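Residue-level structure breakdown
Residues per chain are reported as follows:
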Amino acid sequence: MPGGLSAQNERTILTLYALIKLIKIMTLINPNDFSRIDLNLLVVLIVMYEERNVTQAAQRLHLGQPAVSAALKRLRSMFNEALFVRTTQGMMPTPRTCELIQALTPLMAQLQAVVLNPPRFNPEKDKLTFHIGMSDWIEHWLMPDLLAGIMREAPQVSINAVATDPWKVVSALEQNKVDLSITVGQETSRDLRREKLTSAGFKTLWDPGQIDITKPLTVAQFVHHEHLLISYRGASQSAMDSSLEKAGVSRRVRYVSSHFSTLPLMLSQMPLFATVPMMLVDDWCRQYGFQSDSVPVHMPPFELALLWHRNRDSDAATLWMLNKIRQLIAKKLSAIR
């Protein structure tokens, strides 16, 4: 995560800590032999210390006795030390070997746990911050419910909503500025995963105190009044204008913005239309007393999708958050339909 400390990060720190301690131990080794360091040899050293017998050590390691003897020879060369002395009681470790075993045993156990055990995420205990890219209308539609659920289930998990329009989201993900994104764009790259969640349409909103019309909204009514337009690239036209042109009419766009947040205030004060994603309509009609209807000309639907970098495919925390978003969007869409 760009912020916070995940369980996987803690495991990485543990690995580094163990490796640092191993490096300190390796200072006992002849510097010219670093290229020959093999963790498998350290396993042989530990098992030989426990068994004190080459044959028994070979059986535990599922190796042949000559292979264990060869490993001991390499260990003696690495440490420039006899390590074990043959006695009537078996292979007796030297004091240097006892010192190495005391340091190596817990470290090897830690390394085994970190390397072999899959990373886990515990939402009830882990502390981290998710940086989620989205436009402001998606934040308005989803984040209050998502945050409420997160606060109940994951008391130490935070969300940083990062403003990313569909044209900037790919670079934000590739540069690790966000962990994942909820987007309406088609943009992606070979380094990213894109999961389509749904296709959705638009509706047109107006304030009945500013525009006194009856439904259904007609093309003539639609072009009679001026419009607010959301454009992430500053364009003064959209696909809707192409449909209007085919019908032999046009509209006047009075105001262009890349933010949805100002639209309700403007609709409340001026006789304007705003065509917005259908997900916003019910809330805005309830909060501001707006009226809504289907767009009277063809308006292509948009796709709502999740985007994340492939390097997070196995990250337990990211997978958990992706699933939370999927579940919430499905729930909210079912309420609309």
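So, a few notes on the structure that sits alongside this text. What you see is a predicted model, and the numbers here were worked out from it, not measured in a lab.

Direction vectors running N to C along helix α2 (residues 39–51) and helix α3 (residues 54–61) enclose 125 degrees, while the axes themselves pass 9 Å from each other. Comparing their axes, α3 and α2 come out oblique. Crossing of α2 against α3: the hand is right-handed. Contacts between α2 and α3 pair Val43, Val44, Val47, Met48, Glu50 and Glu51 from the former with Val54, Gln56, Ala57, Arg60 and Leu61 from the latter. Its residues assigned to classes, the contact of α2 with α3 shows seven nonpolar, one polar and three charged.

Bringing the packing of helix α6 (residues 136–153) against helix α11 (residues 278–288) into the picture now. Two elements in contact, α6 and α11, have axes separated by 10 Å at closest approach and are oriented at 70 degrees. Relative to α11, α6 is oriented roughly perpendicular. Facing α6, whose interface residues are Trp137, His140 and Trp141, α11 presents Met279, Leu280, Trp284 and Gln287. Per-class residue counts for the contact of α6 with α11 are five nonpolar, two polar and no charged.

Glancing now at the pattern of salt bridges. Scanning the model with the defined rule gives 15 salt bridges in all. The residue aspartate 179 makes a salt bridge to arginine 312 at a minimum N-O spacing of 2.9 Å. In this pair, aspartate 179 is assigned in the loop between α7 (169–174) and β6 (180–183) and arginine 312 in the loop between β13 (302–309) and α12 (316–336), connecting sequence segments 133 residues apart. Among the residues examined, arginine 312 registers a relative accessible area of 9% and is labelled buried. For aspartate 313, the salt bridge is made with arginine 193, and the minimal N-O distance between the two is 2.7 Å. Taken together, the residues aspartate 313 in the loop between β13 and α12 and arginine 193 in strand β7 (residues 192–200) connect sequence positions 120 residues apart. For arginine 193, a relative accessible area of 35% translates into the label partly exposed. When salt bridges with common partners are traced through the structure, they connect Glu50, Glu51 and Arg60 into a single cluster.

The subject of this paragraph is the nonpolar core. Formed by 46 residues in total, the largest nonpolar core has its most connected members in Ile132, Trp137, Trp141, Ile182, Val276, Met321 and Ile325. No other element matches the eight residues that α12 contributes to this core. Residue contributions to this core reach at least three from each of two domains, namely domain 2 (128–200 + 303–335) and domain 3 (202–300). Ignoring any residue separated from it by four or fewer positions in sequence, one finds valine 276 in contact with Gly201, Phe202, Lys203, Leu205, Phe260, Leu263, Val281 and Trp284. Counting residues in each nonpolar core, the second largest holds 25 residues, with Leu41, Val47, Val54 and Leu100 among its members.

With that out of the way, let us pick up the pairing of strand β8 (residues 202–206). Strand direction decides the pairing type here: β8 and strand β11 (residues 272–277), joined by four bridges, are antiparallel. In the sheet register, phenylalanine 202 faces β11, and the bridge partner there is proline 277. In the sheet, β8 pairs with strand β12 (residues 291–294) via four bridges, with the strands oriented antiparallel. When the bridges of β12 are listed, lysine 203 appears paired with serine 294.

The five strands lie next to each other as β10-β9-β11-β8-β12, forming an open sheet whose pairing is mixed. Unpaired on one side and paired on the other, β10 (253–257) and β12 mark the two borders of the sheet. Across this sheet, the average inter-strand angle for adjacent strands is 30 degrees, counted without regard to direction. With four bridges joining them, strand β9 (residues 226–230) and β10 adopt parallel strand pairing. Counted as the bridge partner of isoleucine 230 is serine 257 from β10. Sitting on the sheet, α11 touches β8, β11 and β12, and the angle it makes with β11 is about 125 degrees.

The next thing to look at is the packing of aromatic side chains. According to the stated counting rule, one finds nine aromatic pairs in the structure shown. Plain terms: the ring middles of tryptophan 206 and phenylalanine 273 are 5.8 Å apart, the flat faces sit at 90 degrees to each other, and that makes the pair edge-to-face. In this pair, tryptophan 206 is assigned in strand β8 and phenylalanine 273 in strand β11, connecting sequence segments 67 residues apart. Measuring from ring centre to ring centre gives 5.8 Å for phenylalanine 222 and phenylalanine 273, while their planes differ by 20 degrees; the resulting arrangement is stacked. With a gap of 51 residues between them, phenylalanine 222 in helix α8 (residues 219–224) and phenylalanine 273 in strand β11 connect regions that are remote in the sequence. With respect to class, phenylalanine 222 is no different from phenylalanine 273; both count as buried. Taken together, the aromatic side chains of Trp137, Trp141, Phe202, Phe260 and Phe302 make up a single cluster linked through ring pairs. The ring of tyrosine 49 is capped by arginine 52, whose NZ or CZ atom sits 4.7 Å from the centre of that ring. Arginine 233 extends its terminal NZ or CZ atom over the ring of tryptophan 167, reaching a point 4.1 Å from the ring centre.

What counts, and at which threshold
Residues numbered from 1 in each chain as written. Predicted model: local features only at pLDDT ≥ 70, side-chain atom pairs only at ≥ 80, totals over all residues. Heavy atoms only, no water. Axes fitted to C-alpha atoms, helices over the stretch in contact; angles between N-to-C directions. Helix = DSSP H or I, 4+ residues; strand = E, 2+ residues; numbered from the N terminus. Parallel < 35°, antiparallel > 145°, perpendicular 65-115°, else oblique. Left-handed = near helix turned anticlockwise from the far one by under 90°. Contact = heavy atoms within 4.5 Å. Nonpolar A, V, L, I, M, F, W, Y, C, P; charged D, E, K, R; others polar. Salt bridge = Lys/Arg side-chain N within 4 Å of Asp/Glu carboxyl O. Buried < 20%, exposed > 50% of the residue type's maximum accessible area, 1.4 Å probe, protein only. Core = buried A, V, L, I, M, F, W, Y, C linked by side-chain atoms within 4.5 Å. Domains from an automatic or database assignment. Pairing = 2+ DSSP bridges. Phe/Tyr/Trp six-rings, centres within 6.5 Å; stacked < 30°, edge-to-face > 60°. Lys NZ or Arg CZ within 6 Å of the ring centre and 35° of its normal.

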